[in-house]
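# Structural overview for review
Listed here are the chains, written in short residue letters.
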Amino acid sequence: MTIKRVLLPLAGLDGARPLAECAFLVGRLHQAQVRGLLVQQPRLNFAFGGENADPELIRRVVEESHERIAKTRKQVADMLGNIATANPSVEFVSSAEEGDIGAAVTRAARLADITVVAAGTRHLDAAWQEVREAALVQSGRPVLVVPGAGVSEDHFDRVVIAWKESIEAVRAVTAAQPFLLHAREVHLLT
């Protein structure tokens, strides 16, 4: 297996920089394209509804939601643009969507060779959990889980395989082959 397309799904800006830097690192190491995907679900919370709902209040809530989404989209685009500029050898494309986060990430991850997702307490809100679950459970594709502090190129020098005689372990090792070939040390634990 080769890595030619790295998916970087984002649910917001908070804690996204270490993920993006890792995705670009993987892209650089494997001469792969990085595809940034920002997916946001509009949050429309109404204290009351029904036929007594104030149309002006509804309009303001919808407008504020769209403004929040546009602001986040611009902040993420600026952050990704800065990282892309610092990594000129990596082909980079980016898109943004509004709607069902899980469905969008699942679709995109199925077309990627690997998806970079966040671990840790900084990414516990519902949107980031949907990103992680879609990539890990729904896509059927390899996933690289990045700690909150991020990673450096040295992190890929030593690989540990926790082996169990199962189809899942075989698939995991096959998916990890590009990293195994890059590593200076590979340890097998049984």
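Data block above holds the structure.
## So, the packing of aromatic side chains
Under the definition given, this model contains 2 aromatic pairs. Relative to F92, the ring of F24 lies with its centre 5.2 Å away and its plane at 45°, an arrangement referred to as tilted. In this pair, F24 sits in helix α1 (residues 16–29) while F92 sits in strand β3 (residues 92–98), placing the two residues 68 residues apart along the sequence. On the basis of relative accessible area, F92 is assigned to the partly exposed category, the value being 24%. The interplanar angle of 25° and the centroid separation of 5.4 Å between the aromatic rings of F156 and F179 together place this pair among those described as stacked. Here the residue F156 occupies a position in the loop between β5 (143–146) and β6 (158–162), and F179 occupies one in helix α6 (residues 177–182), the gap between them amounting to 23 residues. Neither residue differs from the other here; F156 and F179 are each classed as buried.

## Some words on the nonpolar core
Formed by 45 residues in total, the largest nonpolar core has its most connected members in V6, L10 and V26. Per-element accounting of this core gives the leading share, 9 residues, to α1. When sequence neighbours within four positions are dropped, the list of residues in contact with V26 reads I3, V6, I114, L144, F156 and F179.

## Overview of the sheet that holds strand β1 (residues 5–10)
Sheet architecture is open: 5 strands sit in the order β3-β2-β1-β4-β5, paired in parallel fashion. Two strands in the sheet have a free side with no partner beyond their single neighbour: β3 and β5. Across the sheet, the mean angle from the axis of one strand to that of its neighbour is 20°, orientation sign disregarded. Bridge count for β1 against strand β4 (residues 114–118) is 2 bridges, and the pairing is parallel. Directly across from V6, in β4, lies its bridge partner I114. The sheet contacts of α1 involve β1, β2 (33–40), β3, β4 and β5, and relative to β1 the element is tilted by about 175°. Running over the sheet, helix α4 (residues 126–138) touches β1, β4 and β5 and is turned about 150° from β4.

## Let's talk about the environment of R107
With respect to the helices and strands, R107 occurs in helix α3 (residues 101–110). With 31 residues separating them in the primary sequence, R107 and Q138 have C-alpha atoms 9.1 Å apart. A polar contact is formed between the side chain of R107 and the side chain of E97, at a distance of 3.4 Å.

## Focus on the side chain of Q40
Assignment of secondary structure puts Q40 in strand β2. Q40 sits in the buried class, given a relative accessible area of 8%. For Q40, the contacting residues outside a window of four places in its chain are R68, I69, T72, R73, E97, E98 and G99.

## Re the packing of α3 against α4
Between α3 and α4, whose axes approach to 8 Å, the crossing angle comes to 40°. Taken as axis vectors, α3 and α4 run oblique relative to one another. The two elements α3 and α4 meet at a crossing, and its hand is right-handed. Two secondary-structure elements touch here, α3 through I101, G102, V105, T106 and R110 and α4 through A127, E130, V131, A134, A135 and Q138.

## Some details on the packing of α1 against helix α2 (residues 55–86)
Relative to each other, α1 and α2 sit at 35°, their axes nearing to 10 Å. As α1 runs across α2, the sense of the crossing is right-handed. On the side of α1, the interface is formed by A16, R17, A20, E21 and F24, while α2 contributes M79, L80, I83 and A84. Counted by class, the contact of α1 with α2 contains 7 nonpolar, no polar and 2 charged residues.

Conventions we followed
- Residues numbered from 1 in each chain as written.
- Predicted model: local features only at pLDDT ≥ 70, side-chain atom pairs only at ≥ 80, totals over all residues.
- Heavy atoms only, no water.
- Phe/Tyr/Trp six-rings, centres within 6.5 Å; stacked < 30°, edge-to-face > 60°.
- Helix = DSSP H or I, 4+ residues; strand = E, 2+ residues; numbered from the N terminus.
- Buried < 20%, exposed > 50% of the residue type's maximum accessible area, 1.4 Å probe, protein only.
- Core = buried A, V, L, I, M, F, W, Y, C linked by side-chain atoms within 4.5 Å.
- Contact = heavy atoms within 4.5 Å.
- Pairing = 2+ DSSP bridges.
- Axes fitted to C-alpha atoms, helices over the stretch in contact; angles between N-to-C directions.
- Polar contact = N/O pair within 3.5 Å; in protein donor to acceptor, adjacent residues only side chain to side chain.
- Parallel < 35°, antiparallel > 145°, perpendicular 65-115°, else oblique.
- Left-handed = near helix turned anticlockwise from the far one by under 90°.
- Nonpolar A, V, L, I, M, F, W, Y, C, P; charged D, E, K, R; others polar.

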